[in-house]
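Given next are the chains, with one letter for each unit.
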Amino acid sequence: MKIKNLLPLFIASSLILVQCKKDENVPSEKKDNPITDILGSDDKKEEEKKEDEKPKVPDVVIPRKDFGFFPWVYKNTDSVSQKNKKEFTGKALYTILALNRLDRANIGAADTLVVPAKIEDDFLIYSPFPGHVTSLENVKKFVFFSYPIQAYGVYEYGNIVKWGPTSMGKKATKTKTGLMFANWKKEVAISTVSDEWKLRWNVNVANFDGIGWHQYAMPGYPASHSCLRMLEEDAKWMYTWVDTWVLNKGGVSTRAKGTPLIVYGDYPWGKRRPWKKLLDSPEANNISEDEMNKIIEPHLATIMKEQENRDVVIQQVEAEKKAKADSIANLKSQTQLSANMN
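Enquirer: What exactly am I supposed to notice about the pairing of strand 5 (residues 151-156) here?
Expert: Sheet faces and side chains relate simply in a regular strand, where the side chains alternate between the two faces. By the criterion of burial, strand 5 is predominantly enclosed, with five of the six residues buried. As judged from the five bridges shared by strand 4 (residues 142-146) and strand 5, these two strands associate in the antiparallel manner. What sits directly across from Phe144, in strand 5, is Gly153. Counting the residues between successive antiparallel strands, the hairpin from strand 4 to strand 5 contains four residues, one of them, Gln150, with a positive phi of roughly 50°. Hairpin connection between strand 5 and strand 6 (residues 159-165): a loop of two residues separates the two successive antiparallel strands, and Tyr157 in this loop has a positive phi of roughly 50°.

Below you can see the structure in the form of structure tokens.
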């Protein structure tokens, strides 16, 4: 169990907003803990408070896939294809689209779709990401984007809560990789490149580069102008879930950063699409917990520092709001008292 230390407020500079381009919990025994032994009573109370705030939930385990995948030539007009088109609707269709990195508008453009032999109600079963990542156990919210398999995973305190497909930057306009943080968000953002490009549920993650995640066409391969495209349902969910930055007065500098994310790796350009390999092995796209830890750990100190700073800032913001409300209430009370006296 890692012990968090309260760090001073960290202020990060940010310039004018740039629109997106085209798109275990194991309680420690204090008598055996050398760190808590040297803490004062106030420090110990603060540590205990942090432990209480962390949800006490079991680790998520993604079961091994005990089913295979079969190819479906969507354009065929044979009886099997027609039967599939009638049978695969709703959740089943979402699952198939997600596994093939497609949206409904582009399903007809696919040559062969990868279809699981068993359509599960819980989409997490198809996750290529591990259910639990130990390096994230103290991180409240985190998003991991894998360039190689064009997918993202959402974590809370080390447990995966959602995953989905993405279409990232094409070869000529690759998506920036590395650690970033959510900045601002807007339900419908208009691209500065073309006012015809409407980016729904847009969350900016690299203000200087104009990169964000949002809903846009999902053609089944990396096709964006550096942004991270999502299905409509996913983008809307992420829009509600994400924490955005907190700005200082005047809006030209950052007081606290939003949800952290890491974009990692590169796409196998010119080769077979990674999800097609599921036809050979249902585990073909899986990323192990050890791999995730190795990618995340070099960034963990920065992630924790920004999270702790955000906690402090949010407390300050709440205190400022309360002080302002109290001041207004006091002024109203004094005004009312003065009016009654007159």
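Now that the structure has been shown, the text picks up again.
Enquirer: Would you mind going over the pairing of strand 4 with me for this structure?
Expert: Within strand 4, five of the five residues are buried, which leaves it mostly tucked inside the rest of the structure. Residue alternation in strand 4 divides its side chains into two sets, Phe142, Phe144 and Ser146 and Val143 and Phe145, and both sets are buried. Looking at chain direction, strand 4 and strand 14 (residues 260-264) are connected through four bridges and run parallel. Counted as the bridge partner of Phe145 is Val263 from strand 14.

Enquirer: It is not clear to me how the environment of Glu289 should be interpreted in this structure. Could you clarify?
Expert: One can find Glu289 in helix 6 (residues 289-341). Separated by 154 residues in the primary sequence, Glu289 and Ser135 place their C-alpha atoms 9.2 Å from one another. Those residues in contact with Glu289, other than ones at most four positions away along the chain, are Pro130, His132, Val133 and Thr134.

Enquirer: Help me understand the sheet that holds strand 7 (residues 178-181), please; the structure alone is not making it clear to me.
Expert: By way of backbone hydrogen bonds, the strands of a sheet pair with one another, either parallel or antiparallel. The mixed open sheet is built from five strands, whose spatial order is 6-5-4-14-7. Two strands close off the open sheet at either side, each with one partner strand: strand 6 and strand 7. Across the sheet, the mean angle separating the axes of adjacent strands is 20° when strand polarity is ignored. The pairing of strand 7 with strand 14 spans four bridges and is antiparallel. Considered in strand 14, the bridge of Leu179 is made with Ile262. Packing against the sheet, helix 5 (residues 232-241) makes contact with strand 4, strand 5 and strand 6, and its axis sits at approximately 30° to strand 5.

Cut-offs applied
- Residues numbered from 1 in each chain as written.
- Predicted model: local features only at pLDDT ≥ 70, side-chain atom pairs only at ≥ 80, totals over all residues.
- Heavy atoms only, no water.
- Buried < 20%, exposed > 50% of the residue type's maximum accessible area, 1.4 Å probe, protein only.
- Helix = DSSP H or I, 4+ residues; strand = E, 2+ residues; numbered from the N terminus.
- Pairing = 2+ DSSP bridges.
- Contact = heavy atoms within 4.5 Å.
- Axes fitted to C-alpha atoms, helices over the stretch in contact; angles between N-to-C directions.

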